[in-house]
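Now for the letters of each chain:
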Amino acid sequence: MRKIYNFSAGPAVLPEEVLEQAREEMLDWHGSGMSVMEMSHRGKEFMSIADETESALRELAGIPDHYKVLFLQGGASSQFAMVPMNLLGKKGKADYVNTGQWSAKAISEAKNYGSVQIAASSESDGFNSVPPLAQWHISPDAAYVHYASNETIGGVEFQWTPDLSAVAGDNKNIPLVADMSSNFLSRPFDVSKFGLIYAGAQKNVGPAGLVVVIVREDLLDIPPLAGTPAMFRYKTHADNASMYNTPPTYAIYIMGLVMEWLKKQGGLTAIEQRNIAKAKLIYDLIDVSSFYHCPVNQADRSRMNVPFTLSDPGLDGAFLKQAQAHGLIQLKGHRSVGGMRASIYNAMPLEGVQTLVTFMREFEKNHA
Ligand code: PMP
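Criteria and cut-off values
Residues numbered from 1 in each chain as written. Predicted model: local features only at pLDDT ≥ 70, side-chain atom pairs only at ≥ 80, totals over all residues. Heavy atoms only, no water. Near = heavy atom within 4 Å. Polar contact = N/O pair within 3.5 Å; in protein donor to acceptor, adjacent residues only side chain to side chain. Helix = DSSP H or I, 4+ residues; strand = E, 2+ residues; numbered from the N terminus. Nonpolar A, V, L, I, M, F, W, Y, C, P; charged D, E, K, R; others polar. Pairing = 2+ DSSP bridges. Contact = heavy atoms within 4.5 Å. Axes fitted to C-alpha atoms, helices over the stretch in contact; angles between N-to-C directions. Parallel < 35°, antiparallel > 145°, perpendicular 65-115°, else oblique. Buried < 20%, exposed > 50% of the residue type's maximum accessible area, 1.4 Å probe, protein only. Lys, Arg positive; Asp, Glu negative; His and termini not counted. Salt bridge = Lys/Arg side-chain N within 4 Å of Asp/Glu carboxyl O. Domains from an automatic or database assignment. Phe/Tyr/Trp six-rings, centres within 6.5 Å; stacked < 30°, edge-to-face > 60°.

Enquirer: Help me understand the site of the ligand in this model?
Expert: Looking at the ligand, the residues that line it are Gly-75, Ala-76, Ser-77, Phe-80, Trp-102, Asn-150, Thr-152, Asp-179, Ser-181, Ser-182, Gln-202 and Lys-203. At a separation of 3.5 Å, an oxygen atom of the ligand approaches a polar side-chain atom of Trp-102. The element best represented in the shell around the ligand is helix H3 (residues 75–87), accounting for four residues. For the shell around the ligand, a count of residues per class yields three nonpolar, seven polar and two charged.

This is how it looks when you write it as structure tokens:
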């Protein structure tokens, strides 16, 4: 048993059982005499690992057959460019929803490749909410709509999947694209509502270095922008089962172990219930306290990343130091917002959150 609880926003805590299994298999995977790190990505051993990882993901998320799963590199940040390079097509125009810093990064990158319209924004309330669908303006000729389903820094999460047919007028089949990096596999979601989903692995599914893309097959027929490098074309990777070049093999292996762990937990419906319970413990405490504060609109609060401030920022240092002494680490808020942030992804056990909440109560009692 480890003695600390790690609240990092990512790279983040992984299930202890997964790390133990990786340790056991480190030198000799299944009698192959090799570590997974030493295997050819085209050898039968690694091919079986990649296949099983993909099947487990497909089973967990209920991914329909007409969607490809790609294991890529370059992080979610590369997707900010890859999405417009591949999906803008002749339309040259896309709609983006702006709910905070990650949406903004995606927007600013997309502007390098085409024209961007802000379909909706929560800027007017300091990015502390999700704009209701009724306020979205979808352009009749936009190639896709992009949004971030969970803003990791702001702690704002969509509790619903946008149904664009209700607001897109004649453009009702417009593909929905989601940056799911920080709430991927934390709750059930209906893949068929999306054109493309991407998620950096280092929060809910594995180590850094891997980004998972789920893309509807017909979107692979859109010609990428002229000059798009082979490595930046989805079709390159789809046609080569993510083996066009050397994929991040060890990260895929760990993701496979995490998928098996998730299945053992009861899948996405069960993990969602646990995530709801964990988040509620912290928000309930914040809401009854005048010492802790969370600026996010209640209905839009993230179950994965809970940002909060202390009424006296002068106590931040003491809070972090004492938290650390209680085994509660990486609680410092993002450098752009200050305060604290507790990231409580799938692998954070309930006991970790209970320990945090007990500590927060105690700290408040001693300093309020
Ligand atoms: N999108 C979101 C929502 C994120 O949280 C992050 C990373 N924190 C990124 C994109 C960028 O991911 P990466 O560092 O893997 O490029």
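Enquirer: What exactly am I supposed to notice about the sheet that holds strand E14 (residues 340–343) here?
Expert: Strands belonging to one sheet form pairs held by backbone hydrogen bonds; the direction of such a pair is parallel or antiparallel. The three strands are arranged E11-E12-E14 in an open sheet whose pairing can be described as antiparallel. Sheet topology places strand E11 (292–293) and E14 at the edges, where each strand pairs with a single neighbour. In terms of strand pairing, E11 meets strand E12 (residues 305–310) through two bridges, oriented antiparallel. The residue of E12 that forms the bridge with Tyr-292 is Leu-310. With respect to the sheet, helix H7 (residues 267–288) is in contact with E11, E12 and E14, its orientation differing from that of E12 by roughly 25°.

Enquirer: Is there a simple way to think about the packing of H7 against helix H9 (residues 350–367) in this case?
Expert: The description of two helices packed together rests on the angle between their axes and the distance between the axes. Interaxial distance between H7 and H9 falls to 9 Å at its minimum, and their mutual angle equals 10°. In this view, H7 runs roughly parallel relative to H9, as classed from their interaxial angle. Together, Lys-278, Leu-281, Ile-282, Leu-285 and Ile-286 of H7 and Leu-350, Val-353, Gln-354, Leu-356, Val-357, Met-360, Arg-361 and Glu-364 of H9 make up the contact between the two elements. In terms of residue class, the contact of H7 with H9 is made up of nine nonpolar, one polar and three charged.

Enquirer: Looking at this structure, how should I read the side chain of Asp-300?
Expert: Position of Asp-300 relative to the elements: it lies in the loop between E11 and E12. Buried charged residue Asp-300 carries no salt bridge. Nearest counter-charge: Arg-301, at 8.9 Å. Of note is the side chain of Asp-300, whose polar atom sits 2.7 Å from the side chain of Asn-297. Apart from residues no more than four positions distant in its own chain, Asp-300 is found in contact with Ser-129, Val-130, Gly-155, Val-156, Glu-157 and Gln-159.

Enquirer: I keep staring at the environment of Val-83 and nothing clicks. Help me out?
Expert: Here Val-83 is to be found in helix H3. By relative accessible area, Val-83 is classed as buried at 1%. The sequence separation of Val-83 and Gln-354 amounts to 271 residues, and the corresponding C-alpha distance is 39 Å. If we skip the residues at most four places from it in the chain, Val-83 touches Leu-88, Tyr-96, Tyr-144, Val-177, Leu-196, Tyr-198 and Tyr-234.

Enquirer: Mind showing me how you'd approach unusual backbone geometry here?
Expert: Negative phi characterises most residues that are not glycine, and trans characterises most peptide bonds. Residue Pro-11 is bonded to the preceding Gly-10 through a cis peptide linkage, with omega at -5°. Looking at the element boundaries, Pro-11 is found in the loop between strand E1 (5–6) and helix H1 (16–24). Positioned with a positive phi, Ser-242 is a non-glycine residue whose angle comes to about 60°. Position of Ser-242 among the secondary structure elements: in the loop between helix H5 (234–239) and helix H6 (249–264).

Enquirer: What's the story with the domain arrangement of the protein chain in this structure? I'm lost.
Expert: Interface size is commonly expressed as the accessible surface area that is lost when the partners come together. Under the domain assignment used here, the protein chain contains domain 1 (17–263) and domain 2 (267–367). One C-alpha centre belongs to domain 1, the other to domain 2; they are set 27 Å apart. At the interface, 26 residues of domain 1 touch 25 residues of domain 2. Across the domain 1-domain 2 interface, the total number found is zero salt bridges. The interface formed by domain 1 and domain 2 includes 14 residue pairs in polar contact (both at pLDDT 80 or more). When residues of the side of domain 1 that touches domain 2 are traced back to their parent elements, those giving at least two are helix H2 (44–61), strand E7 (156–157) and H6. For the side of domain 1 that touches domain 2, the per-class residue count stands at ten nonpolar, twelve polar and four charged.

Enquirer: Would you explain the packing of aromatic side chains in this entry?
Expert: Counted under the stated rule, the structure contains 18 aromatic pairs. Centre to centre, the rings of Phe-319 and Phe-363 are 5.1 Å apart; their planes meet at 80°, and the pair counts as edge-to-face. Within this pair, whereas Phe-319 is found in helix H8 (residues 316–325), its partner Phe-363 is found in helix H9, the two being separated by 44 residues in sequence. When sorted by exposure, Phe-319 lands in the same class as Phe-363, which is buried. A network of ring pairs unites the aromatic residues Phe-291, Tyr-292, Phe-308, Phe-319, Phe-359 and Phe-363 as a single cluster.

Enquirer: What is the right way to read the pairing of strand E5 (residues 145–148) from this model?
Expert: Each regular strand carries side chains that alternate between the two faces of the sheet. The side-chain alternation of E5 yields two buried faces, one formed by Val-145 and Tyr-147 and the other by His-146 and Ala-148. For strand E3 (residues 93–98) and E5, the ladder comprises two bridges, and the chain directions are parallel. Its bridge partner being in E5, Asp-95 is matched across the sheet by Val-145. Sheet topology places E5 next to strand E8 (residues 176–179); four bridges connect them, and they run parallel. Within E8, the position partnered with Val-145 by the bridge is Leu-176.

Enquirer: Where do I start with the pattern of salt bridges in this structure?
Expert: Any two side chains of opposite charge can pair if their charged atoms end up close together. Across all of its chains, the model carries 15 salt bridges by this definition. With a shortest N-O distance of 3.8 Å, Glu-16 and Arg-2 are connected by a salt bridge. Separated by 14 residues along the polypeptide, Glu-16 in helix H1 and Arg-2 in the segment before E1 bring together distant segments of the chain. A relative accessible area of 23% places Glu-16 in the partly exposed class. Measuring nitrogen to oxygen at the nearest pair gives 3.7 Å for the salt bridge that ties Glu-260 to Lys-263.

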